[in-house]
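Below are the chains, spelled out letter by letter.
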Amino acid sequence: MGLQVYNTLSKSKEEFVPLVPGKVRFYVCGVTVYDHCHIGHARSAIVFDVVYRYLRYSGYEVTYVRNFTDVDDKIIRRANAEGTDCPTIAQRYIAAFHEDMDALGVLRPDLEPLATENIDSMIRIIEKLVEKGFAYQSGTDVYFEVEKFPRYGKLSGRQLDDMIAGARVEVDVNKRNPLDFVLWKGSKPGEPTWESPWGPGRPGWHIECSAMGSRFLGNTFDMHGGGKDLIFPHHENEIAQSEAASGEPFVRYWLHNGFVNIDNEKMSKSLGNFLTIGEVLQRLHPEALRFFVLSKHYRSPIDFSDDSITEADKGLERLYGTLEAVKERSAAGRDETFPDKVLRSQDGELFDAIAAFPDAFREAMDNDFNTAQALGFLFGLQRHLQRYLDRFGQKKLKGPAAALALKGASAIREYSAVLGLLTREPEVFFAEQRKLKIGTTGLTEAEVERLIEVRNQARQARDFQEADRIRKDLEAKRIQLEDSPAGTRWRVVS
RNA sequence: GGCGGCAUACCCAAGUGGUAAGGGAGCGGUCUGCAAAACCGUAAUUCAGCGGUUCGAAUCCGCUUGCCGCCUCCA
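Residues numbered from 1 in each chain as written. Chains lettered and ligands numbered in written order. Predicted model: local features only at pLDDT ≥ 70, side-chain atom pairs only at ≥ 80, totals over all residues. Heavy atoms only, no water.

Regarding the overall build of chain A
- The secondary structure content of chain A amounts to 17 helices and 15 strands.
- Expressed as lengths along the three principal axes of its C-alpha atoms, the size of chain A is roughly 90 × 55 × 40 Å.
- Evaluated residue by residue, chain A yields a buried proportion of 52% over its 494 residues.
- Look at the contacts in chain A between residues 6 or more apart in sequence, and 76% of them connect residues 24 or more apart.
- Surface accessibility of chain A: about 22,500 Å² in total, with carbon and sulfur atoms responsible for 49%. (Helix = DSSP H or I, 4+ residues; strand = E, 2+ residues; numbered from the N terminus. Buried < 20%, exposed > 50% of the residue type's maximum accessible area, 1.4 Å probe, protein only. Contact = heavy atoms within 4.5 Å. Areas by Shrake-Rupley, 256 points an atom, 1.4 Å probe, with all protein chains shown as cover.)

Quick word on the protein's contact with RNA strand B
- Close to RNA strand B lie 50 residues, the nearest being Lys74, Trp205, Lys266, Lys296 and Arg471.
- Near the protein, within 4 Å, the atoms of RNA strand B are sugar or phosphate in 63% of cases.
- At a separation of 3.3 Å, a phosphate oxygen of RNA strand B approaches a polar side-chain atom of Arg383.
- Here a sugar or linking oxygen of RNA strand B and a side-chain polar atom of Asp390 are 2.7 Å apart. (Near = heavy atom within 4 Å. Polar contact = N/O pair within 3.5 Å; in protein donor to acceptor, adjacent residues only side chain to side chain.)

Observations concerning the side chain of His98
- Looking at the secondary structure, you find His98 in helix α3 (residues 86-104).
- Apart from residues no more than four positions distant in its own chain, His98 is found in contact with Phe68, Arg108 and Glu112.

Here's the deal with the sheet that holds strand β4 (residues 61-66)
- The 4 strands are arranged β4-β3-β9-β10 in an open sheet whose pairing can be described as parallel. Each of the sheet's edge strands pairs with one partner strand only, and the pair in question is β4 and β10 (251-257). Within this sheet the neighbouring strands show an average axis-to-axis angle of 20°, counted without direction.
- The pairing of strand β3 (residues 23-28) with strand β9 (residues 221-227) spans 3 bridges and is classified as parallel. When the sheet's bridge partners are listed, Val28 is paired in β9 with Gly225. (Pairing = 2+ DSSP bridges. Axes fitted to C-alpha atoms, helices over the stretch in contact; angles between N-to-C directions.)

Thoughts on a negative patch on the surface
- Taken together, the side chains of Asp263, Glu265, Asp307 and Glu311 make up a negatively charged region of the molecular surface.
- Its location among the elements puts Glu265 in strand β12 (residues 265-266).
- A relative accessible area of 40% means that Glu265 is categorised as partly exposed. (Patch = residues over 30% accessible without salt bridge, like charges linked within 9 Å, V, L, I, M, F, W, Y side chains within 5 Å. Salt bridge = Lys/Arg side-chain N within 4 Å of Asp/Glu carboxyl O. Lys, Arg positive; Asp, Glu negative; His and termini not counted. Charge placed at Lys NZ, Arg CZ, Asp CG, Glu CD.)

Remarks on the pairing of strand β15 (residues 487-492)
- The pairing of strand β14 (residues 479-484) with β15 spans 6 bridges and is classified as antiparallel. The residue of β15 that forms the bridge with Gln480 is Arg491.
- Connecting β14 to the next strand, β15, in antiparallel fashion are 2 residues.

What about the pattern of salt bridges?
- Enumeration over the complete set of coordinates arrives at 38 salt bridges.
- Residue Asp483 is joined to Arg455 by a salt bridge in which the shortest nitrogen-to-oxygen separation is 2.8 Å. With Asp483 in strand β14 and Arg455 in helix α16 (residues 445-460), this residue pair connects regions lying 28 residues apart in the sequence.
- For Asp483, a relative accessible area of 33% gives the class partly exposed.
- Several salt bridges share partner residues, and in doing so they unite Asp35, Arg78, Glu82 and Arg92 into one network.

Looking at helix α17 (residues 464-476)
- For α17, which comprises 13 residues, the first-to-last C-alpha distance of 18 Å matches the rise-based estimate of 18 Å (1.5 Å per residue) to within 8%.
- When α17 is considered as a whole, its buried residues turn out to be Ala467, Ile470 and Leu474. Taken around the axis of α17, the buried residues stretch over an arc of 65°, which confines them to a single face. In α17, those exposed residues whose orientation departs by more than 90 degrees from the buried face are Gln465, Lys472 and Ala476.
- Structurally, α17 contributes buried residues whose contacts are with α16 and β14. (Expected span 1.5 Å × (residues − 1). Arc of directions from axis to C-beta.)

So, the packing of α16 against α17
- As a packed pair, α16 and α17 sit with axes 7 Å apart at the nearest point and diverge in direction by 155°. As the angle between them shows, α16 and α17 are arranged roughly antiparallel. Remark: the crossing between α16 and α17 carries left-handed chirality. Where α16 abuts α17, its residues Leu451, Val454, Arg455, Ala458 and Arg459 lie against Phe464, Glu466, Ala467, Ile470, Arg471 and Leu474. (Parallel < 35°, antiparallel > 145°, perpendicular 65-115°, else oblique. Left-handed = near helix turned anticlockwise from the far one by under 90°.)

Examining unusual backbone geometry
- Note that the residue after Phe232, namely Pro233, is joined by a cis bond; omega there is 0°.
- By the secondary structure assignment, Pro233 is in helix α7 (residues 231-246).
- Notably, Asp263 is not glycine yet its phi reads approximately 45°, a positive angle.
- Along the chain, the position of Asp263 falls in the loop between β11 (260-262) and β12.
- Residue classification places Asp263 among the exposed positions, given a relative accessible area of 51%.
- Located in the positive-phi region is Leu422, a residue other than glycine, with phi close to 55°.

Some words on the nonpolar core
- With 100 residues, the main nonpolar core has Phe26, Met223 and Phe304 as its most contacted residues.
- Setting aside anything within four residues of it in sequence, one finds Phe26 in contact with Phe48, Val51, Tyr52, Val62, Thr63, Tyr64, Val65, Leu217, Met223 and Gly225.
- In this structure, Ala135, Leu160, Ile207 and Cys209 belong to the second largest nonpolar core, which totals 41 residues. (Core = buried A, V, L, I, M, F, W, Y, C linked by side-chain atoms within 4.5 Å.)

What to know about the packing of aromatic side chains
- Here the structure, examined in full by the defined rule, presents 28 aromatic pairs.
- Taking 6.2 Å as the distance between ring centres and 45° as the angle between the ring planes, the aromatic pair formed by Tyr27 and Phe221 counts as tilted. Here the residue Tyr27 occupies a position in strand β3, and Phe221 occupies one in strand β9, the gap between them amounting to 194 residues.
- Of the residues examined, Phe221 reaches a relative accessible area of 0% and is grouped as buried.
- On the basis of an interplanar angle of 90° and a centroid distance of 6.3 Å, the ring pair of Tyr54 and Phe369 is categorised as edge-to-face. Of the two residues, Tyr54 is situated in helix α1 (residues 39-57) and Phe369 in the loop between α12 (348-366) and α13 (371-391); the sequence distance between them amounts to 315 residues. Of the two residues, Tyr54 and Phe369, both sit in the buried class.
- Lying across the ring of Trp490, Arg434 places its NZ or CZ 5.5 Å from the centre. (Phe/Tyr/Trp six-rings, centres within 6.5 Å; stacked < 30°, edge-to-face > 60°. Lys NZ or Arg CZ within 6 Å of the ring centre and 35° of its normal.)

Structural data, given as structure tokens:
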């Protein structure tokens, strides 16, 4: 069985069959660039990054588009507040977004279109909608008339009547139906403006994604992703506009990721429990944030807390710890190759675990991107590998013994790379961890290293009382020492 | 009011009809000068409760309880 994905449209898992065999056209709603991104954006970006990576790993040729909404009320407001213009604001936060994504190891999509560079496409769709009678001009605005589109509500599972009955639908005298949404807004003084058949103005939010999606991926494309909160109205409206205009189905599979809560509360600016990606990366390794996100299924809500990120941190360190051990202990014999029979004779259990791993990993990922299960399998392989290393005590591995260990390590790295994890050399990772956390201890790296040096001299002189005293002092400052034949390592514990 | 989701060991979490993965914490052991890390062992006769379908259910159906999200800009 191949890839199964949960499709919001059918509310069930479906076999993924791309429109064109071997190719996937994939669109994800990007961000509105008016402020720094928060960890909710990070989750969405990481989740769909893994979808992208896994599709490519599975052999698909993927065209991945993620837009920037760079014209919007919030951007205008911010520009006015700062006495500058919208492009300045947009460019600043696009740069910040890229900085965050790069730090998180989120791959750049194949295309990152800007709304403001696709106004013509939007106008053409709106023209077609007016022509076909799905849209009407009212004053200086143009609206989509939801009652003209019978399938309205099919994604979010709502009935028009139910929605109107809800108390929170805004009343607007310009609209024929309160649920009609704006396609084109007549401009007010001081706002960015484009010429159009309906006078100067700017596009509504929903039409942007319809236009960029169809322009770069065609009238019908395979996958569209975004946060759960976009299901209604944004994605519902995209479907209505696009399908009304083209007369073709818009998207085959809709994927939506769950929210991030903070200490079991919804993250929001009004609650003040808002964490930007930049803030979190001040104290948490980017791969640990990734690990945290991927340790739970992408559609479920996830709770960000000190405990949950500490767990993620420890899990990652365990994985990297084994990679480091392999690297240190298997230096010799790196270039030698041995037949499987020879490798298997070193340790049948490890050899078989390595051989069985790819299918297990794929099975997990094929099941609607079950990264949590995939991670579980990764730990299984890690344990086999570490157990194998431990069999040799402190001895260095050579020849086929080393080759088997290296084979295990490269299996771990190959598949964790599909998750965007374990992408660094282990010693680089641990050095980054120390650098990140040393600030919370009140010491500097140099001070710690000097104390370790003093302690090791004491140990050499067999003055264990002094050595243990230094270690205890460091421990009190949350610095943990590990003695090994390769020397003394240290880390900051949470 | 409408729509949808969730409830699995101390905590996090996978499991979607065949007899409970994994991680963290704890406890015991191995290793170690002692530690730490790692490894080994240990933890749910049971999956919110009740009823039903089935040879068989955490998994399907119904009801009950509790929690959460969306319906307004939102990842």
